[in-house]
Amino acid sequence: MSDVDVTVVGGGMASSEAAWQLAEAGLRVALVEMKPCAMSPAHQSPLLGELVCSNSLRSDDPIAPAGLLKQELRRAGSLVIACADQHRVPAGQALAVERFGFARAITQRLALHPRIRIERRRLDDLPSHPVIVATGPLTEGALGEVIRAELGGDRMYFYDAIAPIVAAESIDWDHAFRASRWGRDAAPASDAPAEASDEPDELRAAGGDTGVGDYVNCPLNKLEYEAFVEAVNAGRKILPHDFEEPRYFESCMPIEVMAERGPQTLRFGPMRPIGLRDPRTGHRPWAVVQLRPENRYRTAYNLVGFQTRLAYPEQQRIFQMIPALRRAEFLRFGSIHRNTYIDAPARLGPHFELRDRPSVRFAGLLTGVEGYIESAAMGLLVAWLLSGERAGRPIPPPPPTTMFGGLYNHVTAPREGAYKYGPTNVNYGLLPPLLGLRKDNRKPRMAERAAADFDAWLASLGRPRAA
Ligand SMILES: Cc1cc2nc3c(=O)[nH]c(=O)nc-3n(C[C@H](O)[C@H](O)[C@H](O)COP(=O)(O)OP(=O)(O)OC[C@H]3O[C@@H](n4cnc5c(N)ncnc54)[C@H](O)[C@@H]3O)c2cc1C
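As the structure is a prediction and not an experimental result, all values here were calculated from the model. (Residues numbered from 1 in each chain as written. Predicted model: local features only at pLDDT ≥ 70, side-chain atom pairs only at ≥ 80, totals over all residues. Heavy atoms only, no water.)

A. Broad picture of the overall build of the protein. Counting secondary structure elements, the protein contains 13 helices and 17 strands. Burial statistics for the protein: of 467 residues in total, 55% are counted as buried. Partitioning the intrachain contacts of the protein with sequence separation of at least 6 by distance along the chain shows that 72% fall at a separation of at least 24. Approximately 19700 Å² of the protein is accessible, and the part contributed by carbon and sulfur atoms is 54%. (Helix = DSSP H or I, 4+ residues; strand = E, 2+ residues; numbered from the N terminus. Buried < 20%, exposed > 50% of the residue type's maximum accessible area, 1.4 Å probe, protein only. Contact = heavy atoms within 4.5 Å. Areas by Shrake-Rupley, 256 points an atom, 1.4 Å probe, with all protein chains shown as cover.)

B. Spatial organisation of helix α4 (residues 99-112). Taking 1.5 Å of rise per residue, 14 residues should cover 20 Å, and α4 covers 20 Å from first to last C-alpha, within 8% of that figure. Here α4 has its buried residues at Gly101, Phe102, Ala103, Ala105, Ile106, Thr107 and Leu110. (Expected span 1.5 Å × (residues − 1).)

C. Just the sheet that holds strand β3 (residues 56-59), in detail. The antiparallel open sheet is built from three strands, whose spatial order is β3-β5-β4. Lying at the two open borders of the sheet, with one neighbouring strand each, are β3 and β4 (88-89). In this sheet, strand β5 (residues 94-97) lies alongside β4 in antiparallel orientation, the contact comprising two bridges. Its bridge partner lying in β5, arginine 88 is registered against valine 97. Packing of helix α2 (residues 65-76) onto the sheet brings it into contact with β3, β4 and β5, and relative to β3 it is tilted by some 115°. (Pairing = 2+ DSSP bridges. Axes fitted to C-alpha atoms, helices over the stretch in contact; angles between N-to-C directions.)

D. Up close: the pattern of salt bridges. Per the counting criterion, the structure on display carries 25 salt bridges. Residues lysine 35 and glutamate 50 are paired through a salt bridge, measuring 2.6 Å at the closest nitrogen-oxygen approach. Of the two residues, lysine 35 sits in the loop between β2 (29-33) and β3 while glutamate 50 sits in the loop between β2 and β3, which places them 15 residues apart along the sequence. With respect to burial, lysine 35 and glutamate 50 carry one shared label: buried. Between arginine 58 and glutamate 374 there is a salt bridge, and its shortest N-O distance comes to 2.5 Å. Of this pair, arginine 58 sits in strand β3 while glutamate 374 is found in helix α11 (residues 372-390), placing the two residues 316 residues apart along the sequence. (Salt bridge = Lys/Arg side-chain N within 4 Å of Asp/Glu carboxyl O.)

E. The arrangement of the side chain of asparagine 217 in detail. Note that asparagine 217 resides in strand β11 (residues 216-220). Within the local environment of asparagine 217, its side chain forms a polar contact with the backbone oxygen of alanine 179, the two atoms lying 2.9 Å apart. Dropping the residues within four chain positions of it, asparagine 217 is found in contact with His175, Ala176, Phe177, Arg178, Ala179, Leu276, Val288, Val289 and Gln290. (Polar contact = N/O pair within 3.5 Å; in protein donor to acceptor, adjacent residues only side chain to side chain.)

F. Highlighting the packing of helix α3 (residues 79-86) against α4. Between α3 and α4, the least distance of the axes is 9 Å, while the angle of their chain directions is 135°. Between α3 and α4, the interaxial angle falls into the category oblique. You can see that α3 and α4 cross each other, and the crossing is right-handed. The segment α3 lies against α4, with Leu79, Val80, Cys83, Ala84 and Gln86 engaging Phe102, Ala105, Ile106, Arg109 and Leu110. (Parallel < 35°, antiparallel > 145°, perpendicular 65-115°, else oblique. Left-handed = near helix turned anticlockwise from the far one by under 90°.)

G. Main features of the environment of histidine 87. Position of histidine 87 relative to the elements: it lies in the loop between α3 and β4. Placed 11 residues apart in sequence, histidine 87 and glutamate 98 show a C-alpha to C-alpha distance of 5.7 Å.

Pasting the structure below:
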């Protein structure tokens, strides 16, 4: 392989972007895509850059998280976004594309690049020279096993059981209290986030980080609990694809499956109140939904153990029956689907490289980002990090205030405690909060800050802003 500097495996969102960026940086790339020799259950065309489901790349409003990430991708000169802009179809605020035109454009640009060679074969082993693996959520067969062995231990996941995430500022603190079960599972004082004093005013007003516990508890009385269980049982659920045979582990059982088992099952599962006392009543609540901080800024919380296949609008309606969440803003809804991803924070270094075998890097959904544009962004970033390194000019990671930086930190920042790593879309919960602003002004200002910081980062790399 002496005629190739880097092999990129996969021809999807992340790999197409990574191959393009590497080639543009002067590296010779072999892009290995198994289609059409082998097809995943979701892919249907031999084209590179195939969108497996929706033809929408989500919002293009520069203040929406997905829109902000797109702005950054445009500024960085992304191939995926350039082709999407070229093949855009009317979809209101969203950037939706004519999927075949979009994928054809990506395929052509890659095929015509003088430093890219496209190889149509399934890769079943890792080469000894530098490689970026971006085989996506449906990585199967021998390569999956090889990666699993390289990771060691149980660090590769095949199902994604995602619990919803709510914005901290939308929690009704009159109906919530902070406490850890038995007062035991609180983080030791030394683990408390240094930014405790930076918490949103709402948290401080509610008692904030009083040291009494890391969890926010949302109590329900007997009637509220019974109504909730009834609603979960009656709620509309998303049926899995044929290839997504549901094989639930007891520890990540969807709440609706538990609710079906009996009216008390949730109360003995994720909604168990044992070890908790509501300071307002002095009693143990009938049932409790526990919220755990999703980030160190404590601006977002996940509903512990609430992975679900309820349809998104149903989640909004039913979870808002929980008194503390009646005005909850959902940053992410719960889901369960077939997904292959690795425990990136535990196993990857700052350049997305395997700590024990740095010639192997990962990109895209495999690293624990969710979505077409998130995957493309991480493909671009891993390529820049690698080409910078090869050129002897290592680049600093993107600022944490940008969507690129938020995703970068999500993938690479070490986790503490028993945190189970899971994929994420872009959302404002990934960014450090801006304090002292009115709620309606906060996201626009965070978007402005992200744009300015992203441009400054590009300038520091000597890369002109592309758009
Ligand atoms: C059924 C389904 C529906 C989805 N719907 C959406 C949606 O509507 N919107 C959204 O934003 N995201 C959706 N996603 C998530 C989506 O897959 C990712 O967001 C995105 O496509 C991942 O990008 P990627 O580059 O990591 O992987 P992919 O885009 O999946 O690309 C991986 C590529 O690697 C190839 N490959 C796999 N194994 C090998 C091998 N051993 N050798 C060579 N090539 C290989 C595959 O053929 C594929 O072309 C969906 C995922 C699935 C599974």
